[in-house]
Amino acid sequence: MERYLRDNFYVQPKRPTSDALRRWRSAVAVVKNPRRRFRMVANLAQRAEAEQKRKKSQEKVRVALYVQKAALQFISAGNRSSEYMLSKEVQEAGFGIEPDELAEIVHSHDTKSLERNEGVEGLAKRVCVSLQDGIHSQDISHRQKIFGCNQYTEKPQRSFWMFVWDAMQDLTLMILIVCAVISVGVGISTEGFPKGMYDGVGIILCILLVVFVTSISDYRQSLQFKDLDKEKKNVRIQVTREGKRQKVSIYELVVGDIVHLSIGDVIPADGIFISGFSLLIDESSLSGESEAVHVDHEKPFLLSGTSVQDGSAKMLVTSVGMRTEWGKLMDTLNEGGDDETPLQVKLNGVATIIGKIGLGFAVLTFLVLTGRYLLEKVKHHEIAHWSMDDASKLLNFFATAVIIIVVAVPEGLPLAVTLSLAFAMKKLMNDKALVRHLSACETMGSAGCICTDKTGTLTTNHMVVDKLWICEQTKAIKKGDGESVLKNFVPEEIFDLFLQSIFQNTGSEIVKGEDGKNKVMGTPTETALLECGLMLGGDSKSYNDKYKIMKVEPFNSEKKKMSVLVALPDGTINKSRAFCKGASEIVLKNCNKVINADGKVVDLNEEQRKSIIEVIDGFACEALRTLGIAFKDMEGSSSESNGIPEDNYTFVAIIGIKDPVRPGVKEAVKTCLEAGINVRMVTGDNINTAKAIAKECGILTDGIAIEGPEFRNKSQQELEEIIPKLQVMARSLPLDKHKLVTHLRNDFNEVVAVTGDGTNDAPALHEADIGLAMGIAGTEVAKENADVIVMDDNFATIVNVAKWGRSVYINIQKFVQFQLTVNVVALMLNFVSACVSGSAPLTAVQMLWVNMIMDTLGALALATEPPHGGLMKRPPIGKDTKFITPVMWRNIIGQSIYQTIVLLLLKFRGKQILKLSDSDSTLLNTVIFNAFVFCQVFNEINSRDMEKINVVRGMLSSWVFLVVIASTVTFQVVIVEFLGTFAQTVPLSKDLWLFSVLIGAVSLVIAVVLKCIPVGTTDSHYQPASHDGYEQLPSGPDMA
């Protein structure tokens, strides 16, 4: 079975091949309701068609961007009228340009129209906005009415009745409805009205109940996915409104907004460049062109859906939503649906195998029943005489066979995965983890390694300057210190130079908050520096007014530094100053001078260099992030076309920034290690800082800490030796992280989860089995390449995702164990009874009720169980682990044998056992039906834990499970006591109720006996990586 599933029903969790997707689709057989079964499966034909549409759209955009721009050079501005009529609506709104005209300027890169409208300043006037202060909040609805909302056309939400229609497409239910209608007609003609209609009407009512319960479950799932999808698309954008910098939802963005862009941002709407530095835009998502485009005052057009590869800028929004080219392209992006998950595919395989067996048994049962009936007619010489009663009997035999197919084909198996994943995703969103791809929830349960960033994930990301080294002296900085803390020993000129470097060499901004107070907008590191500068008495505005910034090279994770070029205030064009800030050792390497204790610039000798390195190491050993600051004054041309110098700087200061470890991280790391998940820290920080934090978190014990440059120079053989012991990688580049992930996956067959926040982390997030992007510090590019967004940037949240991933897998195993047991018992009971006695003990209505218990209600009860602590005390689920484990087979076979023997004993010896008369056949069948249902109720409780004897632990915390069990028992009482006319049951005495419940309850005792039988576990070969300080993982049956 496992080999068959592996050969035909296996897909990769991420980016499965088209061949694998087609292979399992062609292998699926015996599907009762394709419309429902494959609702959450990607439509490959539709997807291919959408891809063709997307390529055509990209081609159109490419033509617009490259051909149309060239053509416009030959069009005389005089050919177009500079005056054009405004619509009455636009005039009354007070705007000076039509929405379509405004959108076309950017879409077609029409520089002539832009010039005719007096550039970005002229457009700002026409859309009634100040480029400094932005729009007023009260104008938002007014602007949305004229220029539209920043939302794309989406498929309308399917109504509840559409799900009802889907549920009714079940072929077996359709056949049963036809049988029921015929049964009503035959029954009325033979038994009269209303008695003759009860059987048929009972089947129809039961089918309607099944359809509505199924539809309600499916509809609730769809609502959950819609909420999650909306949350995934809800990006926060930085804008200036009413003179204040603030974050707004992408859906609230309007024409006229002033948007701030930085590295890794996805441009949220079409717009015009206002100001910025070194802006490089990746337009590949829109045009298909891989070469990045420089955007400046000469080429100021910015298109929605493209991303910022480098630099920073402000832009004026000119069109939103469906007026942008990206909005039109978005129509095709989500066509075809998401890829199905490995578990969904595997369970389609399990359903196919069981379905084929069930179909075989159904056909065999029908042939046996029909054969026996025909033999009886031959025996009594009635083969030539046929009546409506004979037709009714044959119809009942056919209905019995169809009912066997209904029960035997576990249509709910693949759908239970969707239910469990939807439940887990909803819970994880409440726990600050947004799952972008369904398969990530599953795969996280198999993760054996987490490569995590340090800053913001293991630490709080609330940074403050703790120590400062300047003029060869170290000074502790405390909250509330003023400028006197440095002025006592730092000359005025150097103090001013230091503050200038803080306020001008920054990617952040000091703005007025909504409360009117100064607020720093930017990364935590930049915020800490600017807050320190403000505390020391500095004023950002005075420096920016005095020194004009000419060129900026923003921080990036490869260079690990940021540089800025400013013009000095003496008015001469040939004098400028460069500032450099970044990783202390890297900045120091670029310096050949230093400011000494007297505040003088002197040559940097080897002894001073060693002394500075000792200071850096000292700061780092105290778990401080260290930043070096340097400057260089230049004579000669300082035009923007010249780059910022790379070397010969003067070293000014070392800043030590404190970023404490998050509360709970140490415990979360310990939980990971106990669960067999290795945690590796990969950071761009100094190795001593990284080691100090890693030891505090419990990550670095007896393993290896290495620097990125050393790691990337290792040979393949050396990497194979050190990677298993690697616990910390410092001063790493994003490519080092990508290389580590690739080796872990390919050479060590590990399931790897990776965290990332920067644009350059995208390749590693894409390569990893599970990419985890940071919700607060992460760029939009990183988030788009991730599978899960950790909204609070907390490592403990990542561990929670792993726990839910394991829970999903275990819950589906529980449900499969429960459903297969019901399948086996129902098949054997009906088949053996048909062969021996010529009739099945359970009627169509009763079997439909059993089917609902094991399918929809069973999935609700078992697939939505919350995780418990024991899940993180067992090893990860291996890549090649058998889904149906020996433990599950033990439980299925054991329970099936017990239930089948007891129910068959009741079928053939029940009247003697219960001391019933020969006329009490209906009473006996009611007892069998009741006992069968209670066997399933108690087996559902047994299935809560496949290995532990205590199956009631945590039951009270699973309210869904309790509601399902209570509903099942309540409705069973109603069916038996009050709906006997339709269900062909009779009310039972207290003794017979007690007898039925006791037969079911004995399965609890059987489960205890079965769990004492040792079986080979799939994880017995697993040896977790040793990690001093922690006990080795438990193995065997007790590990659960």
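So, how was this worked out
Residues numbered from 1 in each chain as written. Predicted model: local features only at pLDDT ≥ 70, side-chain atom pairs only at ≥ 80, totals over all residues. Heavy atoms only, no water. 1 Å grid on protein atoms, 1.4 Å probe; cavity = no way out; pocket = protein on both sides within 12 Å on 5 of 7 lines; lining within 4 Å. Points joined across faces, edges and corners; volume = space filled by probe spheres on them. Helix = DSSP H or I, 4+ residues; strand = E, 2+ residues; numbered from the N terminus. Nonpolar A, V, L, I, M, F, W, Y, C, P; charged D, E, K, R; others polar. Phe/Tyr/Trp six-rings, centres within 6.5 Å; stacked < 30°, edge-to-face > 60°. Buried < 20%, exposed > 50% of the residue type's maximum accessible area, 1.4 Å probe, protein only. Expected span 1.5 Å × (residues − 1). Polar contact = N/O pair within 3.5 Å; in protein donor to acceptor, adjacent residues only side chain to side chain. Patch = residues over 30% accessible without salt bridge, like charges linked within 9 Å, V, L, I, M, F, W, Y side chains within 5 Å. Areas by Shrake-Rupley, 256 points an atom, 1.4 Å probe, with all protein chains shown as cover. Salt bridge = Lys/Arg side-chain N within 4 Å of Asp/Glu carboxyl O. Lys, Arg positive; Asp, Glu negative; His and termini not counted. Charge placed at Lys NZ, Arg CZ, Asp CG, Glu CD. Contact = heavy atoms within 4.5 Å. Pairing = 2+ DSSP bridges. Axes fitted to C-alpha atoms, helices over the stretch in contact; angles between N-to-C directions. Core = buried A, V, L, I, M, F, W, Y, C linked by side-chain atoms within 4.5 Å. pLDDT = per-residue confidence, 0-100. Parallel < 35°, antiparallel > 145°, perpendicular 65-115°, else oblique. Disulfide = S-S within 2.5 Å.

### Some words on empty space enclosed by the protein
The tally for this structure, following the rule as stated, stands at seven cavities of 30 Å³ or more. Roughly 170 Å³ of volume is contained in the second largest cavity. Around the second largest cavity sit 14 residues that line it, and Arg36, Asp170, Val210, Thr214 and Asp855 are the ones nearest its centre. If you list the elements that add at least two residues to the lining of the second largest cavity, you get helix H12 (198–233) and helix H33 (844–862). When residues of the lining of the second largest cavity are assigned to their parent elements, the largest contribution, four residues, is made by H33. For the lining of the second largest cavity, the residue count by class is five nonpolar, four polar and five charged.

### Topic: the layout of surface pockets
Of the pockets and cavities examined, the second largest pocket occupies roughly 1,200 Å³. Residue lining of the second largest pocket: 43 residues in total, with Asp199, Asn396, Ala840, Thr843 and Gln984 positioned closest to the centre. At the level of secondary structure, the elements contributing two or more residues to the lining of the second largest pocket comprise helix H11 (171–191), H12, helix H15 (342–379), helix H16 (388–408), H33, helix H35 (921–942) and helix H37 (980–983). At nine residues, the largest contribution of residues to the lining of the second largest pocket is made by H16. Grouping the amino acids of the lining of the second largest pocket by side-chain chemistry returns 18 nonpolar, 18 polar and seven charged.

### What about the packing of aromatic side chains?
What describes a pair of aromatic rings is the distance from one ring centre to the other and the angle between the planes of the rings. Enumeration according to the criterion identifies 16 aromatic pairs in this entry. The interplanar angle of 50° and the centroid separation of 6.2 Å between the aromatic rings of tryptophan 469 and phenylalanine 651 together place this pair among those described as tilted. Of the two residues, tryptophan 469 sits in strand S10 (residues 464–470) while phenylalanine 651 sits in strand S20 (residues 649–658), which places them 182 residues apart along the sequence. As far as the burial class goes, tryptophan 469 and phenylalanine 651 line up, both buried.

### Observations regarding helix H32 (residues 795–837)
Its 43 residues give H32 an end-to-end C-alpha distance of 63 Å, which sits within 8% of 63 Å, the value for a rise of 1.5 Å per residue. Taking burial as the measure, the 43 residues of H32 include 35 buried ones, the bulk of the element. Put simply, asparagine 794 is the residue that caps the front of H32, since its side-chain oxygen is 3.1 Å from the backbone nitrogen of alanine 796. Just beyond H32, the residue with positive phi is glycine 838, at close to 85°.

### Re a negative patch on the surface
Together, Glu718, Glu720, Glu721 and Asp747 make up a region of like negative charge exposed at the surface. Residue position: glutamate 718 is located in helix H28 (residues 716–722).

### Topic: the environment of lysine 600
Along the chain, lysine 600 falls in the loop between strand S17 (591–595) and strand S18 (601–603). For lysine 600, a relative accessible area of 53% translates into the label exposed. Residues lysine 600 and proline 491, spaced 109 residues apart in sequence, show a C-alpha to C-alpha distance of 9.3 Å. Setting aside chain neighbours within four positions, we find lysine 600 in contact with Val594 and Ile595.

### A look at the sheet that holds strand S26 (residues 788–790)
Taken in spatial order, the eight strands of this open sheet run S8-S26-S25-S24-S9-S21-S23-S22, and their pairing is mixed. The two strands at the open ends of the sheet, each matched to only one other strand, are strand S8 (433–435) and strand S22 (704–707). When the angles between neighbouring strand axes are averaged without regard to direction, this sheet yields 20°. For S8 and S26, the ladder comprises three bridges, and the chain directions are antiparallel. Within S26, the residue paired with valine 435 across the bridge is valine 788.

### Section: the nonpolar core
Grouped together as the largest cluster of nonpolar side chains are 157 residues, with contacts concentrated most on Leu176, Met444, Ile770, Phe795, Ile812, Val816 and Leu848. In terms of residue count, the dominant contributor to this core is H32 (18 residues). Dropping the residues within four chain positions of it, valine 816 is found in contact with Leu347, Leu413, Phe883, Ile884 and Met888.

### A short note on the confidence of the model for the protein
In the predicted model, the protein carries a mean pLDDT of 85, and the fraction of residues at 70 or more is 93%. Within the protein, helix H38 (residues 990–1011) carries the highest mean pLDDT (95), whereas helix H4 (residues 44–72) carries the lowest (67). Contacts for the low-pLDDT stretch residues 72–83, under 50 throughout, to residues beyond four places or in other chains number 12 contacts. Every residue in residues 1018–1040 scores below 50 in pLDDT, and together they form 49 contacts with partners more than four places removed in sequence or on other chains.

### Things to note about the packing of H32 against H33
Contact geometry of H32 with H33 gives a least axis separation of 9 Å together with a crossing angle of 170°. Taken together, H32 and H33 sit at an angle that is classed as roughly antiparallel. In this structure, H32 contributes Asn811, Lys814, Phe815, Phe818, Gln819, Val822, Asn823, Ala826 and Asn830 to the contact, and H33 contributes Met847, Val850, Ile853, Met854, Asp855, Gly858, Ala859 and Leu862. Within the contact of H32 with H33, the residues separate by chemical class into 10 nonpolar, five polar and two charged.

### Quick look at the packing of H33 against H35
One can describe the packing of H33 onto H35 by two numbers: an axis separation of 11 Å at closest approach and a directional angle of 10°. For the element pair H33 / H35, the angle class is roughly parallel. Mapping the contact onto sequence places Gln846, Trp849, Val850, Ile853, Leu857, Gly858, Ala861 and Leu862 in H33 and Phe929, Phe932, Val933 and Glu940 in H35.

### Some words on helix H8 (residues 119–126)
Those residues of H8 that fall on the buried side of the exposure criterion are Gly119, Val120, Gly122, Leu123 and Ala124. On its buried face, H8 is in contact with helix H6 (99–107), helix H7 (111–116), strand S4 (270–282) and strand S7 (307–319). Of the residues flanking the end of H8, it is cysteine 128, one or two places downstream, whose phi is positive at about 60°.

### Things to note about the state of the cysteines
This structure, assessed with the given rule, holds zero disulfides. Cysteine 532 takes part in no disulfide bond, and the closest cysteine sulfur, belonging to cysteine 471, lies 15 Å away. Of all cysteine sulfurs, the one in cysteine 591 lies closest to cysteine 580, which takes part in no disulfide; the gap is 7.0 Å.

### Overview of the pattern of salt bridges
Under the criterion given, the structure shown has 30 salt bridges. Notably, a salt bridge pairs glutamate 92 with lysine 88, separated by 4.0 Å at the nearest N-O pair. Of this pair, glutamate 92 and lysine 88 both sit in helix H5 (residues 88–93), four residues apart, which is roughly one turn of the helix. When its relative accessible area of 60% is taken as the criterion, lysine 88 is described as exposed. For the salt bridge of glutamate 865 with arginine 944, the shortest nitrogen-to-oxygen distance reads 2.9 Å. With glutamate 865 in the loop between H33 and helix H34 (886–914) and arginine 944 in the loop between H35 and helix H36 (959–978), this pair connects stretches of sequence that are 79 residues apart.

### A short note on unusual backbone geometry
One non-glycine residue, glutamate 472, lies in positive phi territory at about 65°. Taking the relative accessible area as the measure of exposure, glutamate 472 reaches 38% and is therefore partly exposed. A positive phi angle, near 55°, is found at aspartate 793, a position not held by glycine. Of note, aspartate 793 is situated in the loop between S26 and H32. Aspartate 793 gets classed as buried once you look at its relative accessible area, which sits at 2%.

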